[in-house]
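Summary of the model geometry
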Amino acid sequence: MSKPFVMLVDDEAEFIDTTTKRLEKRDLKVLTAYSGKDALEKVSSNRNLEVMILDVKMPGMDGLEVLQEMKKKYPLIEVIMLTGHATIESAIEGMKAGAFDYLMKPCEMDQLVEKVQEAADKKRSQDEKIEKARMEKVMASRGLS
Amino acid sequence: MTERTEHLKEDSAGQAAPPIRKMSSEGQQTGRAYYGQLRRNIIITMITVSFTPMLLVIAILLFQFSTSYHEKTYAHLEEMVQKHKQNIDTFLSEKLANIRFLVASTNIETLTDKSFLQAKLQQLQEEYGDVFVDMGVVDETGKQLSYAGPYELHNVRYLEADWFKRAINRDFFISDVFMGLRGSPHFIITVRRQYEPSVFILRATIDFRAFNTLVENLRVGETGHAFILNKEGRFQTRPAVEEARWQNSYDYFVDRMEDSKRSVEIIERPDGSGAEHLYAIAELKGGDWLLIFKQETGDAFEDISRVFRISGIIFLLGGSGIVMTVIALTRRMVRRIMKADKEKEKLNQQMIEAGKLASVGELAAGIAHEINNPVAIMVEEAGWIEDLLEEEEFAESENLSEFQRALRQIGTQGRRCKEITHKLLSFARKTDTTVKDVQLNDLIREIVDLSAQMARYNKVTITTEFQPDLPYVTLSPAEMQQVMLNLINNAIDAMGNSGGTIHIATKLSRLEKDHIVITVEDNGPGIPESNLSRIFDPFFTTKPVGKGTGLGLSICYGIVQKNGGNIDVHSTVGKGTRFRVWIPFQKPGNPGKQKYKPTRSQT
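This next bit is on the overall build of chain A. Broken down by element type, chain A carries five helices and five strands. Helices and strands appear in chain A in the N-to-C order β-α-β-α-β-α-β-α-β-α. The contacts of chain A with a sequence gap of at least 6 include a subset with a gap of at least 24, amounting to 62%. As displayed, chain A has an accessible area near 7,400 Å², and 52% of this comes from carbon and sulfur atoms.

Next comes the structure, spelled out in structure tokens:
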């Protein structure tokens with residue numbers, strides 16, 4: 001099974017840089033964005049993105065807004081919310097809005113990787129189902145014609 | 001008054017906004033002046049309001065009373081004088097009729113017979129007492145032809161006498177009172193009879209004293225008496241001694257009566273002595289005489305002045321009663337207002353204190369959050385180094401294990417930081433009053449964990465004893481956290497530096513149906529009996545100034561009551577204190593209750 005394709009979104013550049021290095025060391029393909037807007041732009045040019053790790057508290061467009069936008073445009077891409085304790089309510093709200101899960105900062109690398117893997121697996125199984133459904137549809141149409 | 005209190009409220013609110021803690025003596029003085037003014041205003045308003053209608057009513061009533069009493073007195077006087085006037089007129093006309101009858105029924109020869117006159121006089125005296133003194137027959141030359149009576153007046157000549165000059169020209173005549181030959185006051189009645197060719201007059205003397213009794217009997221009150229004046233203003237009856245001297249002043253009545261058309265005239269004017277008198281005057285004897293009734297005004301209207309005096313006394317007594325009551329009431333009221341203001345000020349202070357605490361809390365939350373991010377980065381960096389150390393080139397480094405240990409330490413300490421900041425954040429959050437289903441055991445455990453640090457500083461051990469599987473309660477977790485935190489902090493504070501044990505237990509209550517009871521028990525110094533009853537009062541604190549707000553337990557009380565629960569306290573000095581909090585759980589019908597009922601019956 002190939003390693004998941006992940007996007008890391010946070011306004012803290014230092015955090016992103018180190019985390020990116022650590023994720024890449026664990027053979028994940030990592031894309032980074034330093035703001036919500038940046039992230040949405042980058043998603044549009046990377047359609048094979050599987051999981052987004054999204055910080056809730058960001059200046060400008062905050063995590064929740066990005067999540068809502070993502071679910072509207074790319075409902076199949078899984079989102080993991082990353083939060084400080086003060087914004088746990090928004091994380092819960094995020095879960096309600098369709099986030100895959102949330103993690104509290106600072107988080108254990110192993111835990112993060114595990115969550116990402118789960119999210120990616122979910123995404124892949126969904127993709128598979130969709131593919132299968134599509135195939136069936138095509139086959140059915142052929143069978144009919 | 002409402003306006004004043006409104007103003008007061010604004011004022012104190014205005015004072016409260018700036019730092020009221022530093023209320024200088026100057027400020028207190030202006031405050032005192034303000035309350036003084038407030039008191040004065042209230043007193044003035046209340047007195048004005050209560051006295052104005054009272055005065056008006058008294059004035060109107062007294063005026064009405066005095067007017068009607070005057071009218072009554074006047075009417076009474078008029079009636080009385082009228083009656084006496086008739087009496088006297090009747091008296092005179094009766095006497096005259098006697099003489100006229102005598103003259104008409106007897107011829108002149110018989111009349112001049114002295115023995116006949118004597119007999120007639122005796123007859124009249126028997127009939128009327130001593131009214132008739134004597135009788136005589138006088139011819140037109142004024143010579144008394146015959147006489148019957150006690151004086152030696154036979155053959156006396158009256159030609160020059162004043163009465164004779166007038167009597168000879170009239171059929172009958174009643175004279176004024178005069179001294180005459182006998183030297184004592186009397187008046188006479190004459191009847192003229194013509195016996196051709198000459199004219200005779202029968203004269204009869206009326207005893208003055210007998211006549212005098214007619215008016216002497218007319219006495220009212222202490223000073224009311226009557227007398228008779230003739231047209232010259234001379235007394236026809238015996239006057240009071242002093243009145244004889246002021247005879248001139250009675251001319252006024254003669255003039256007045258001549259102008260008047262009424263039969264009885266009532267006048268108020270001062271007499272010779274200057275004192276105000278009430279006079280009732282009636283004409284007698286066809287206008288020749290005046291019957292005058294005289295009474296001191298004060299005497300006549302004594303009832304009025306008595307009523308005035310009594311109402312004056314009542315007014316003074318009642319008025320001073322009102323004034324004293326008003327002053328006492330106002331004092332009490334202003335004192336209450338002062339007290340209320342002070343309490344409000346205190347409350348305001350506490351509000352500011354609470355506000356400060358809240359902002360400190362928010363600040364702490366902000367700081368905690370800001371620290372969280374750098375700590376996260378640090379932990380990440382350490383993790384990254386750890387990752388790198390796994391590469392082969394470092395595997396042989398002699399300090400590898402040391403590096404790894406240091407990095408693990410960084411990770412551990414980072415996690416510790418995280419824990420601290422998370423706890424800080426969870427308590428700095430605004431008190432959320434949204435109601436949720438809460439498992440009390442979990443909630444309390446959380447609080448105990450949080451308080452453990454502080455407890456350790458104070459050498460306090462916290463032990464817990466939770467009954468498992470307690471039913472869920474419906475309340476605001478943030479509020480319940482506050483209650484528990486307050487109770488635990490109170491216990492820790494109570495034990496001071498000496499340390500001790502706090503035991504926290506939860507279980508289903510045996511005393512209260514459908515309640516969970518939480519017990520917080522310490523083995524501190526305990527609370528004296530005298531403080532125990534006030535312990536839930538707001539602002540009651542035994543802590544030094546600035547250390548406690550005195551709000552903690554009252555807030556607990558408020559929250560517990562609000563959630564339908566109860567709180568109580570037991571304390572033994574030297575042994576410790578136990579707080580118990582009862583919280584109701586789901587009402588019957590809810591699965592929670594049914595689920596836990598069997599558990600309850602077992603306990």
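That shown, we press on.
Residue and element names in this part refer to chain B. What the four strands build is an open sheet, ordered β6-β9-β8-β7; its pairing is antiparallel. The sheet terminates laterally at β6 (225-230) and β7 (264-270), the two strands that pair on one side only. Across this sheet, the average inter-strand angle for adjacent strands is 25°, counted without regard to direction. As paired elements, β6 and strand β9 (residues 289-296) share six bridges and run antiparallel to each other. Across the sheet, residue A226 finds its bridge partner in β9, namely F293. Most of the contacts of helix α8 (residues 251-259) go to β7, to which it runs at about 145°, and overall it touches β6, β7, β8 (276-284) and β9.

Let us look at the pairing of strand β14 (residues 515-522) of chain B. Residue and element names in this part refer to chain B. Across the eight residues of β14, seven count as buried, placing the element largely inside the fold. Bridge count between strand β13 (residues 500-508) and β14: seven bridges; the pairing is antiparallel. Bridging across to β14, H503 finds its partner in E521.

In this section: unusual backbone geometry. All names here are of chain B. Positive phi, close to 55°, is recorded for K459, a residue that is not glycine. The residue K459 is located in the loop between α13 (440-457) and β11 (460-466) in this model. Look at D469: it is not a glycine, yet its phi comes out positive at around 55°. Looking at the secondary structure, you find D469 in the loop between β11 and β12 (473-475). Note on D469: relative accessible area 55%, which makes it exposed.

What follows covers the pattern of salt bridges. Under the criterion given, the structure shown has 20 salt bridges over all chains. R306 of chain B is the partner of D303 of chain B in a salt bridge, and the nearest nitrogen-oxygen pair spans 3.1 Å. Here D303 of chain B and its partner R306 of chain B are both found in helix α10 (residues 302-389), three residues apart, which amounts to about one turn of the helix. Of the residues examined, R306 of chain B reaches a relative accessible area of 39% and is grouped as partly exposed. Put simply, R22 and R26 of chain A together with E380 and D387 of chain B are held in one network by salt bridges that share partners.

This brings us to the interface of chain B and chain A. Facing the 21 residues of chain B at the interface are 21 residues of chain A. With both sides pooled, the region where chain B packs onto chain A buries about 2,000 Å², and carbon together with sulfur makes up 56% of that total. When the area that chain B buries against chain A is broken down by residue, the three leading residues are H369, E380 and W384 of chain B, summing to 31%. Joining chain B to chain A, the criterion identifies five salt bridges. Linking R22 of chain A and D387 of chain B is a salt bridge whose minimum nitrogen-to-oxygen distance equals 2.8 Å. Inspection of the chain B/chain A interface yields eight residue pairs in polar contact (both at pLDDT 80 or more). For the side of chain B that touches chain A, the secondary structure elements donating two or more residues are α10 and α12 (400-428) of chain B. If you tally residues by element for the side of chain B that touches chain A, the top one is α10 of chain B, at 14 residues. Of the residues in the side of chain B that touches chain A, the class split is seven nonpolar, six polar and eight charged.

All names here are of chain B. Counting buried positions along strand β4 (residues 186-195) gives seven out of 10 residues, so the element sits mostly inside the fold. Across three bridges, strand β3 (residues 172-174) lies against β4 in antiparallel orientation. Note on β4: the bridge partner recorded for I174 is I189. Judged from the 10 bridges that link them, β4 and strand β5 (residues 198-207) form a sheet pairing that is antiparallel. Bridge pairing in β5 places V191 opposite L202. Linking β4 back to β5 in an antiparallel pair, the connection comprises two residues.

All right, on to the packing of helix α2 (residues 36-45) of chain A against helix α3 (residues 63-73) of chain A then. Residues and elements named next belong to chain A. At a closest axis distance of 10 Å, the pairing of α2 and α3 adopts a crossing angle of 20°. Viewed along their axes, α2 and α3 adopt a mutual orientation that is roughly parallel. Considering how the two elements wind past one another, α2 and α3 form a crossing that is right-handed. Residue-level contacts link G36, L40 and V43 of α2 to V66, E69 and M70 of α3. Tallied by class, the residues present in the contact of α2 with α3 amount to four nonpolar, one polar and one charged.

With that settled, the discussion passes to the sheet that holds strand β5 (residues 101-104) of chain A. Residue and element names in this part refer to chain A. On the basis of which strands lie adjacent, the open sheet formed by five strands has the order β2-β1-β3-β4-β5 and parallel pairing. Of all strands in the sheet, those with a lone pairing partner are β2 (29-33) and β5, marking the two edges. Mean inter-strand twist for the sheet, computed between neighbouring axes without regard to direction, equals 20°.

What the rule picks out here adds up to 10 aromatic pairs over all chains. Considering the side-chain rings of Y34 of chain B and Y35 of chain B, the 5.5 Å spacing of their centres and the 65° angle between planes classify their relative orientation as edge-to-face. Grouping residues by exposure puts Y34 of chain B and Y35 of chain B together as buried. Seen in terms of ring centroids, F536 of chain B and F579 of chain B are 6.3 Å apart; in terms of plane orientation they differ by 75°. Their pairing is edge-to-face. Of the two residues, F536 of chain B sits in the loop between α15 (529-532) and α16 (552-562) while F579 of chain B sits in strand β16 (residues 576-584), which places them 43 residues apart along the sequence. Counting every residue linked through ring pairs, the aromatic cluster contains F65, Y69 and F301 of chain B. The ring of F5 of chain A has K29 of chain A lying over it, and the distance from NZ or CZ to the ring centre is 4.2 Å. One cation-aromatic arrangement involves K95 of chain B over Y128 of chain B; the distance from NZ or CZ to the ring centre is 4.5 Å.

Rules used throughout
Residues numbered from 1 in each chain as written. Chains lettered and ligands numbered in written order. Predicted model: local features only at pLDDT ≥ 70, side-chain atom pairs only at ≥ 80, totals over all residues. Heavy atoms only, no water. Helix = DSSP H or I, 4+ residues; strand = E, 2+ residues; numbered from the N terminus. Contact = heavy atoms within 4.5 Å. Areas by Shrake-Rupley, 256 points an atom, 1.4 Å probe, with all protein chains shown as cover. Pairing = 2+ DSSP bridges. Axes fitted to C-alpha atoms, helices over the stretch in contact; angles between N-to-C directions. Buried < 20%, exposed > 50% of the residue type's maximum accessible area, 1.4 Å probe, protein only. Salt bridge = Lys/Arg side-chain N within 4 Å of Asp/Glu carboxyl O. Buried area = accessible area lost by both parts, 1.4 Å probe. Polar contact = N/O pair within 3.5 Å; in protein donor to acceptor, adjacent residues only side chain to side chain. Nonpolar A, V, L, I, M, F, W, Y, C, P; charged D, E, K, R; others polar. Parallel < 35°, antiparallel > 145°, perpendicular 65-115°, else oblique. Left-handed = near helix turned anticlockwise from the far one by under 90°. Phe/Tyr/Trp six-rings, centres within 6.5 Å; stacked < 30°, edge-to-face > 60°. Lys NZ or Arg CZ within 6 Å of the ring centre and 35° of its normal.

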